[in-house]
Amino acid sequence: MENIEESSPLRITPTVRALSSALRGKPENVPDCSRGDGDRIFPDPEKLWFKESSAKNLRNRDFLSPTTMLNTLYADGQVPPAVMSRVLSLRGSGVLPVAGGEVMSEGLRVRVDRAAAFRAVLVGGATDYLTPSVQRQGCVVLNCPALHPRPNTPSPDTLTLGQLRTVLLADHMGALLRGQGFTVSYCPVLPEDSDIINFLRTLGIDWPTAPANWSSEEREEKIQEALENSLYREREMEGGRRTSGGGGKKAEEGENDGALRVNLKRVFQEEGLLGYDPSLGTCTVHRDSVSHLAQLDLATANCTVAMATALHVTSCQDEFRQQQIAMLWRASGATHKQRHLVCGPVKTPGSHLSAAQYLQLRRGQMKEASEMKYGDQVEGQTWDDIIRVMTSATVRFELLSTVHTSPVTLDVQREGSVSTKGPRGGVFVMYNCARLHTLFDSYERGVEKGLYPEIPDGSELDFSALKEEGEWLLLFNYLIPFSELLDQSGQTLDCEGGGARVNMKTEQICKFLVSLSKDFSSYYNRVHVLGEPLPHLFNQMFCRLYLLRALRELYHSALDTLNLPPIRQL
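Being a predicted model, the structure only gives us computed values, none of them experimental.

**Q** Would you explain the overall build of the chain in this entry?
**A** From N to C terminus, the chain includes 17 helices and 16 strands. Scored against the burial criterion, the 570 residues of the chain give a buried share of 52%. When contacts within the chain are restricted to residue pairs at least 6 apart in sequence, long-range pairs at least 24 apart make up 78% of them. Working note: accessible area of the chain is about 26300 Å², and carbon and sulfur atoms make up 47% of it.

**Q** Please clarify how the nonpolar core should be interpreted in this entry.
**A** Soluble globular proteins tend to pack their nonpolar side chains together in the buried interior. Leu122 and Leu164 are the most contacted members of the largest nonpolar core, which has 140 residues in total. Residue contributions to this core peak at 14 residues, all from helix H17 (residues 535-560).

**Q** What is the right way to look at the pairing of strand E14 (residues 337-343) in this model?
**A** Two faces make up the sheet, and in a regular strand the side chains alternate between them. Burial within E14 is extensive, with 6 of its 7 residues counted as buried. Taken together, strand E13 (residues 309-315), helix H11 (residues 319-331) and E14 constitute a β-α-β crossover, and its handedness is right-handed.

**Q** Which parts of the structure should I look at to understand the packing of aromatic side chains?
**A** How two aromatic rings sit relative to each other is set out by the distance from centre to centre and by the angle between their planes. The tally for this structure, following the rule as stated, stands at 13 aromatic pairs. One aromatic cluster is present, built from ring pairs that chain together Phe63, Phe118, Trp472 and Phe476. Over the ring of Tyr546 we find Arg549, and its NZ or CZ is 4.7 Å from the ring centre. Taking NZ or CZ as reference, Arg552 lies 4.6 Å from the ring centre of Phe440, over its face.

**Q** I tried to follow the state of the cysteines on my own but got confused; where do I start?
**A** Enumeration over the complete set of coordinates arrives at 1 disulfide. Two residues share a disulfide in this structure: Cys139 and Cys303, whose sulfurs sit 2.2 Å from each other. Linking Cys139 and Cys303, the disulfide has an S-S dihedral of approximately -45° and is accordingly described as left-handed. Taken together, the residues span a long stretch of sequence, with Cys139 in strand E7 (residues 139-143) and Cys303 in the loop between helix H10 (287-301) and E13 at a distance of 164 residues.

**Q** I'm lost on the side chain of Arg435 in this one. Help?
**A** Residue placement: Arg435 occurs in helix H14 (residues 425-448). It is Asp519 that comes nearest to the buried, bridge-free Arg435 among opposite-charge side chains, at 12 Å. Within the structure, Arg435 has its side chain in polar contact with the side chain of Asn525 (distance 2.6 Å). With residues near it in sequence (within four places) discarded, Arg435 still touches Phe520, Ser521, Tyr524 and Asn525.

**Q** I tried to follow H14 on my own but got confused; where do I start?
**A** At 3.6 residues per turn, the α-helix brings residues three or four places apart onto the same side. The end-to-end C-alpha distance of H14 is 36 Å, a good match for the 34 Å that 24 residues give at a rise of 1.5 Å each. In terms of burial, H14 is largely enclosed, as 17 of its 24 residues are buried. Two residues or fewer after H14 comes Gly450, characterised by a positive phi angle close to 85°.

**Q** Before we go on, may I ask you to explain the sheet that holds strand E6 (residues 107-112) in this structure?
**A** Two orientations exist for strands paired in a sheet by backbone hydrogen bonds: parallel and antiparallel. The antiparallel open sheet is built from 4 strands, whose spatial order is E3-E4-E6-E5. Bordering the open sheet on either side are strand E3 (50-51) and strand E5 (98-104), each of which pairs with just one other strand. As defined by bridge partners, E5 adjoins E6 across 6 bridges and the pair is classed as antiparallel. Note that in E6 the partner of Val98 across the bridge is Val112. Along the sheet, helix H1 (residues 12-24) contacts E3, strand E4 (63-66) and E6; its crossing angle with E4, the most-contacted strand, is approximately 40°.

**Q** I keep staring at the packing of H1 against helix H15 (residues 469-494) and nothing clicks. Help me out?
**A** Axes are the key here: two packed helices are described by the angle between their axes and the distance separating the axes. At their nearest, the axes of H1 and H15 sit 8 Å apart, and the two run at 95° to each other. With respect to H15, the element H1 is oriented roughly perpendicular. Here Ile12, Thr13 and Pro14 of H1 lie close against H15, whose contacting residues are Phe476, Ile480, Pro481 and Glu484. Considered class by class, the residues forming the contact of H1 with H15 number 5 nonpolar, 1 polar and 1 charged.

**Q** What am I meant to see in the side chain of Thr391 here?
**A** Along the chain, Thr391 falls in helix H13 (residues 381-400). For Thr391, a relative accessible area of 2% puts it in the buried group. A distance of 2.6 Å separates a polar atom in the side chain of Thr391 from the backbone oxygen of Ile387. Aside from chain neighbours lying at most four places away, what touches Thr391 is Leu359, Arg362, Arg363 and Met366.

**Q** How should I be thinking about the pairing of strand E8 (residues 183-187) in this particular structure?
**A** A large share of E8 lies buried, amounting to 4 of its 5 residues. One ladder, built from 5 bridges, connects E7 with E8; its direction is parallel. Bridge pairing in E8 places Val140 opposite Val184. Chirality of the crossover, the property in question, places the unit of E7, helix H6 (residues 161-179) and E8 among those that are right-handed.

**Q** Even after reading the chapter, I still don't get a negative patch on the surface, so can you show me in this structure?
**A** A cluster of acidic side chains, namely Glu368, Glu371, Asp376 and Glu379, defines a negative patch on the protein surface. Residue position: Asp376 is located in the loop between helix H12 (355-374) and H13.

**Q** Quick question: what am I supposed to make of the pattern of salt bridges here?
**A** A pair can form between side chains of opposite charge whenever their charged atoms are brought close. Applying the stated criterion to the full structure yields 20 salt bridges. For Arg109, the salt bridge identified is with Glu106, shortest N-O distance 3.2 Å. Under the relative-accessibility criterion, Glu106 is labelled partly exposed at 25%. When salt bridges with common partners are traced through the structure, they connect Glu52, Arg61, Glu102, Glu106, Arg109 and Arg111 into a single cluster.

How each quantity is defined
Residues numbered from 1 in each chain as written. Predicted model: local features only at pLDDT ≥ 70, side-chain atom pairs only at ≥ 80, totals over all residues. Heavy atoms only, no water. Helix = DSSP H or I, 4+ residues; strand = E, 2+ residues; numbered from the N terminus. Buried < 20%, exposed > 50% of the residue type's maximum accessible area, 1.4 Å probe, protein only. Contact = heavy atoms within 4.5 Å. Areas by Shrake-Rupley, 256 points an atom, 1.4 Å probe, with all protein chains shown as cover. Core = buried A, V, L, I, M, F, W, Y, C linked by side-chain atoms within 4.5 Å. Right-handed = clockwise from strand over helix to strand, strands pointing away. Phe/Tyr/Trp six-rings, centres within 6.5 Å; stacked < 30°, edge-to-face > 60°. Lys NZ or Arg CZ within 6 Å of the ring centre and 35° of its normal. Disulfide = S-S within 2.5 Å. Lys, Arg positive; Asp, Glu negative; His and termini not counted. Salt bridge = Lys/Arg side-chain N within 4 Å of Asp/Glu carboxyl O. Polar contact = N/O pair within 3.5 Å; in protein donor to acceptor, adjacent residues only side chain to side chain. Expected span 1.5 Å × (residues − 1). Pairing = 2+ DSSP bridges. Axes fitted to C-alpha atoms, helices over the stretch in contact; angles between N-to-C directions. Parallel < 35°, antiparallel > 145°, perpendicular 65-115°, else oblique. Nonpolar A, V, L, I, M, F, W, Y, C, P; charged D, E, K, R; others polar. Patch = residues over 30% accessible without salt bridge, like charges linked within 9 Å, V, L, I, M, F, W, Y side chains within 5 Å. Charge placed at Lys NZ, Arg CZ, Asp CG, Glu CD.

Structure, rendered in structure tokens:
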């Protein structure tokens, strides 16, 4: 094995691969995992090991190869000494250092050299763990059908909660993809100073705008001409019969003769596009459809690559309509890859609220909860900004913490309130992020009073002092894996094949932050970080401050993908 590289960040995936390679031995000496050897079937190398995450299991192991896996590789599950030696001497780029391991009843368990891992991650400031591990190239257009005119620009009062979910999801995906190196643009452009733009800004969404008198008329004319000349246009023949039939859902009854119709079924069948609704038939082209296509054309015009990816973020109610738009765009000559990210419905039992009413309700509840906790302090611009951000956090976590294809059910009873302490949701996350800021403010005040020295260089610290189980849990479950978590949206988008729909784990950042906040809160309530100002206690205190400083930056990086600025004090 190669020596571990000092500059190579530790990663979970390379560690699991290296452990699998060590356990299996050289490829030529191990049967193909897809073939059996007599009655034995050899496992997929990627499933030989799994990373532990529960506090209980992390007390005695960090990685485990279960007995069932060992039995498929070795007679009676007995790991040969030479193999065990390879596992325990594991080295390599990005591989976590191994401290020891043994075969127990549950399988082969491996423990990481935790002090070495703390040092490797924290001494450099953990910056390599706060950004995606891979930078990608490409141009992505995030198209939000809910914001297109039909024929008028939507307003906060006409925007449904399901549509608001798609807008927030597009905003989140844009931040994630931009962080991975993609060039991201948003569609459609909205009139500046419009009600919908001001509403989106309240939620921290920076959507592109154009002057109110801006027009896409020239692009619309080109799109209209392209569709009129399209191979897929249906032309009238004698007796009113068309050259081909689309089948399935027909154009609206009572259409005027001479209307422009396009056979969408032929588009996806003849161009080999998978996953489109077979009932897409003949579509009559309306003005709002041409306007939609012109906006897409504009959004892709400045792409630096020949082939862009258009990601249509749409509600399940609008999915069929958006498939029509996608095939019309294809029929007009556009060759960009198109994928559909479809969101489930948002349900509000016993109520029917627009996006504007929902935001107003949550803002009022947030202000009421703040006044109950802080009293007369809740006034002025600073508190207005805090309540705005906390309201945005509440809304985002409510609508984005669920798998995007699943429905979201909201409690919108007006007599309810938004808890500032419950272990769920955006308020809980923001509160725990603020606790970290308060901790470091307290430390800085201690330095100013002469109670504590300045934090020394990490190379001067002994990180073996971090023995509390919550400390390793925070590093191993959150700081180290975060970078690979950020990679996932780009990996999914880059995958070839599949159908029109793309399923992305859009809920993961919210769930990650809530889980992080639970574990950090448990640790912080249990451990007194700023101890007595005694020299023999400083090493442990400084090691903990290094860990928590990295954790604070982790919060910032994760919240940044949700366009939520951290709040320094609550």
